[in-house]
Amino acid sequence: MTSVGIDAIEIRTGKLFLDLPNTFAPVKGEDPEKYTKGLGLYTSSFPDVYEDIVTMGANAAKSLMDRKGLEPEDIGRIDVATESAFDNSKPVSTYIAGCLEQVYDGDFRHANKGERKFACIAGTQSLDDAYNWIKAGRNRGRAALVIATDTALYERGDPGEATQGAGAVAMLIDEDPDLVELSTEQGYGSMDETDFLKPNQQFPSVDGKRSMQVYLARMREALEDYESVAGRTHPADFEYIPFHTPFPGMVRKAALLGFRHMSRDTEIEDELADEIGRQPREADFETWDDYEEAIRGYMDDLKTTEQYRDWYDRVIDPTIDISSRVGNWYTGSVHIARLSALKIAAEEGKEMAGKKLLVGSYGSGAQAEIHAETVQDTWLDEIDAVDVDSQLEDRTEITFDDYELIHDVHNHEKEIEVEEFTQPEGEFVFTGWGRMNERRYEYVE
Ligand code: CAA
C-alpha cells in the first residue's frame with residue numbers, strides 16, 4: 001500500500017501584528033486577561049497593504065517549492081482552501097499559479113486547480129482530495145500543493161474581532177511523505193447549522209456562543225464516527241491532538257470533552273473515581289437536564305485533576321503556541337496547530353518517529369473531521385527547516401489607529417489609500433486591479 005501524507009509545510013504570516021492585551025484591550029475597555037487567560041490570545045497577525053490571500057499563499061508555496069527543489073512540472077494539483085475568496089468564479093489557485101509562474105521557468109499548465117469551500121475545514125478537505133487523488137493512482141508520480149489561506153476579519157465591534165488573524169499554510173502532499181502519513185480511517189460529524197456564515201458578504205454573521213456549542217457537538221460526533229472504524233481511542237494513544245483553533249480557549253473546551261470521552265470505561269476513570277466520582281451515565285438520570293448538570297459538575301472537577309492537567313500540558317498545550325501569537329487563520333488554523341506541536345517536540349528533543357497524532361478539524365456550517373497521522377522518520381529535518389520564529393519576530397507592530405486603517409484597507413466595501421507599513425522584499429505583492437477587475441500581482445526582488 002502506498003503511504004500518502006504531508007511531505008512538507010511552510011507558512012506565511014501577515015507582516016503586521018496587533019498586541020491584544022496592551023493595545024486592543026485598553027481601547028475596548030476590557031481586562032487584558034480576557035484575551036490572554038480567557039481566549040488564550042496574545043497577538044494577532046494582519047496583512048500589510050500589499051498583502052492578501054494570494055500573496056500569502058503564493059509566498060508560502062514559493063518557500064516550500066524552493067526548499068524542496070520543486071519545479072512546476074512536479075506539481076499535478078493545486079488546491080486552495082479559503083473562506084476569504086474575492087471571486088465567485090475564478091479560483092484563487094489560478095492567481096497563485098500565475099504568481100509562481102512569474103518566478104519559475106516552467107508552468108502549471110497540466111495541473112488540476114481548484115478552490116475548496118467549507119469554512120475552516122476546507123484545508124483538511126483539500127488534504128483529503130489530494131490524498132484520494134494519489135491513492136487512486138491518478139497523480140502520475142506528481143505531488144499536490146494544498147494551500148490554506150485566509151484573512152480572518154470580522155465586522156468592527158463584533159465579539160469575534162479579538163480572534164482575527166491572517167496567514168497561509170502551504171503543504172506538499174506526496175507518496176512516501178517526509179513529515180506525517182495520513183490514516184485511511186476518518187470520522188465525520190456534519191449537520192446543517194447556522195452558526196457562522198457569509199451570505200455574499202465579506203465579514204461573517206456570527207452567533208459566537210452557538211458556534212462554540214456546534215464545534216463541540218460536531219467534534220464529538222466525528223470522534224465517535226472515527227472510533228467506529230478505527231476502534232476506541234485512549235488518551236495515551238496520541239502524542240499530540242491538534243484541533244482547529246479559532247482561539248486557544250476553544251481548544252481547552254474541546255480537549256476536556258475529548259479526554260472525558262477517551263477515558264470513559266478505562267483505568268483512568270477508575271483511578272479518578274475516589275477523587276471525583278465516576279462519569280455520569282445517561283441511564284442513571286431521569287431527565288436530560290439532570291444528566292447534563294451532572295456532566296458539567298464532573299467536567300469542572302475533571303479539569304482540576306493532576307491526570308488531566310498533566311495530559312493537557314503534554315498533549316494539547318504545545319498545539320496552541322503559534323495560534324496564541326497569530327490569531328485565527330481559519331482554513332490554516334488546524335495545520336498551524338500540528339506544526340506548533342511538532343515544532344515544540346523538536347525544540348524539546350522529543351523522538352517523534354512512529355508516534356501518532358489525532359487531528360480534529362472543524363468548519364462552521366458545520367462539519368468536524370477526525371483522522372490520525374503517523375509521524376515519519378524524517379520529521380525532524382522537515383520541522384527544523386520550517387521558518388516560523390523569524391517570520392513572527394520580524395512582524396511590525398501596529399497601533400490601534402494603524403489597525404483601524406488596515407481593517408479599512410482590506411474591507412472590500414471601502415476604498416482608501418494607505419502607505420504601506422513595511423517594505424516588500426523577495427516576495428509577491430498585490431499591485432492593483434486590471435481591466436476586468438482582476439487582481440494583479442508582481443514579484444518584488
Ligand atoms: N480574565 C480571565 N478570563 C476572562 C476574563 C478575565 N478578565 N474575562 C473573560 N474571560 C473569559 C470568559 O470567562 C470566557 O471563557 P469561558 O468561555 O471559558 O467562560 C472567555 O474569556 C471569553 O470571554 P467571553 O465569552 O465573554 O467573550 P466574548 O463573548 O466577547 O467572545 C466569542 C467570545 C463569542 C467566542 C467571540 O470571540 C466570537 O464570536 N468569536 C468568533 C466565533 C468563534 O471563533 N467561534 C468558535 C467556534 S466556531 C469555529 O471554530 C469556526 C471559526 O474558526 C470561526
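Looking at an unreviewed UniProt entry, the protein chain carries the name Hydroxymethylglutaryl-CoA synthase, with the source organism given as Haloferax marinum. Heading Sequence similarities (unreviewed entry) of the UniProt record for the protein chain holds this comment: "Belongs to the thiolase-like superfamily. HMG-CoA synthase family."

Student: Any chance you could explain the pattern of salt bridges here in plain terms?
Tutor: Any two side chains of opposite charge can pair, given that their charged atoms come close. Scanning the entire structure with this criterion turns up 35 salt bridges. Across the salt bridge formed by D52 and R439, the nearest N and O atoms sit 2.9 Å from each other. With D52 in the loop between strand 3 (43–46) and helix 3 (53–68) and R439 in strand 15 (residues 439–444), this pair connects stretches of sequence that are 387 residues apart. Residue class for D52 comes out buried when judged on its relative accessible area of 6%. Linked by salt bridges that have partners in common, D7, E10, R67, K68, D178 and E382 make up one network.

Student: Whenever I open this one, the nonpolar core confuses me. Can you help?
Tutor: Inside soluble globular proteins, nonpolar side chains tend to come together where they are buried. Judged by nonpolar contacts, the single largest core of 59 residues is most densely connected at Y215, I241, F243, W311 and I316. In this view, F243 contacts Y215, M219, V251, A254, A255, I316, V334, A337 and G360; residues no more than four positions away in its chain are not counted. Listed in part, the 37 residues of the second largest apolar core include I9, V169, W329 and L392.

Student: I'm lost on the site of the ligand in this one. Help?
Tutor: The ligand sits among 27 residues. The nearest are K34, K209, S211, H244 and K253. Between the ligand and the protein, one listed contact pairs an oxygen atom with a side-chain N or O atom of K209 at 2.4 Å. Relative to its free-state accessible area of 1000 Å², the ligand is covered by the protein chains to the extent of 73%. Taken together, the residues of the shell around the ligand sort by class into 13 nonpolar, eight polar and six charged.

Student: Would you take a moment to explain the side chain of R260 for this structure?
Tutor: By the element assignment, R260 lies in helix 7 (residues 248–263). Excluding anything up to four places from it in sequence, R260 contacts Q279, I295, Y298, M299 and L302.

Student: Looking at this model, I keep getting lost on the sheet that holds strand 8 (residues 180–190). Mind explaining?
Tutor: Through backbone hydrogen bonds, the strands of a sheet pair up, either in parallel or in antiparallel fashion. With mixed pairing, eight strands are arranged side by side in an open sheet as 5-4-6-7-1-8-12-11. The open sheet has two edge strands with one neighbour each: strand 5 (112–116) and strand 11 (356–363). With strand direction ignored, the average angle separating the axes of adjacent strands in the sheet is 25°. Here strand 1 (residues 4–13) pairs with strand 7 (residues 165–175) via nine bridges, running antiparallel. Note that in strand 7 the partner of I9 across the bridge is M171. Set on the sheet, helix 12 (residues 333–347) makes contact with strand 1, strand 7, strand 8, strand 11 and strand 12 (367–375); between it and strand 11 the angle comes to about 155°.

Cut-offs applied
- Throughout this description, residue numbers start from 1 for each chain and increase along the sequence as written.
- Residues qualify for local features only when their pLDDT is at least 70, as the model is predicted, and side-chain atom pairs are given and counted only at 80 or more; totals for whole chains, interfaces and linings, by contrast, use all residues.
- Values shown for side chains rest on all heavy atoms present in the structure; no hydrogens or waters enter the calculation.
- UniProt positions are given in the numbering used here, feature names are shortened, and annotations may be inferred rather than shown by experiment.
- Any carboxyl oxygen of Asp or Glu within 4 Å of a side-chain nitrogen of Lys or Arg constitutes a salt bridge here.
- Comment: elements are numbered from the N terminus, with helices defined as DSSP H or I runs of at least four residues and strands as E runs of at least two.
- Note on exposure labels: buried denotes an accessible area under 20% of the residue type's maximum, exposed denotes more than 50%, and partly exposed covers the range between, all computed with a 1.4 Å probe on protein chains only.
- Side-chain atoms within 4.5 Å are what join buried Ala, Val, Leu, Ile, Met, Phe, Trp, Tyr and Cys residues into a set we call a nonpolar core.
- What makes two residues a contact is simply this: any of their non-hydrogen atoms within 4.5 Å.
- We call a residue near a molecule or strand whenever a single non-hydrogen atom of that residue lies within 4 Å of it.
- We call two N or O atoms a polar contact when they sit within 3.5 Å, provided that within protein one can donate a hydrogen and the other can accept it, with sequence-adjacent residues counted only if both atoms are side-chain atoms.
- Every accessible area reported is derived by Shrake-Rupley at a probe size of 1.4 Å, with residue values counting cover from the shown protein chains alone.
- Polar here means any residue outside two lists: the nonpolar Ala, Val, Leu, Ile, Met, Phe, Trp, Tyr, Cys and Pro, and the charged Asp, Glu, Lys and Arg; Gly therefore counts as polar.
- For two strands to be treated as a pair, DSSP must find no fewer than two bridges joining them.
- As a rule, the C-alpha atoms of each element are fitted with a line to give its axis, helices using only the stretch in contact, and angles between N-to-C directions run from 0 to 180 degrees.

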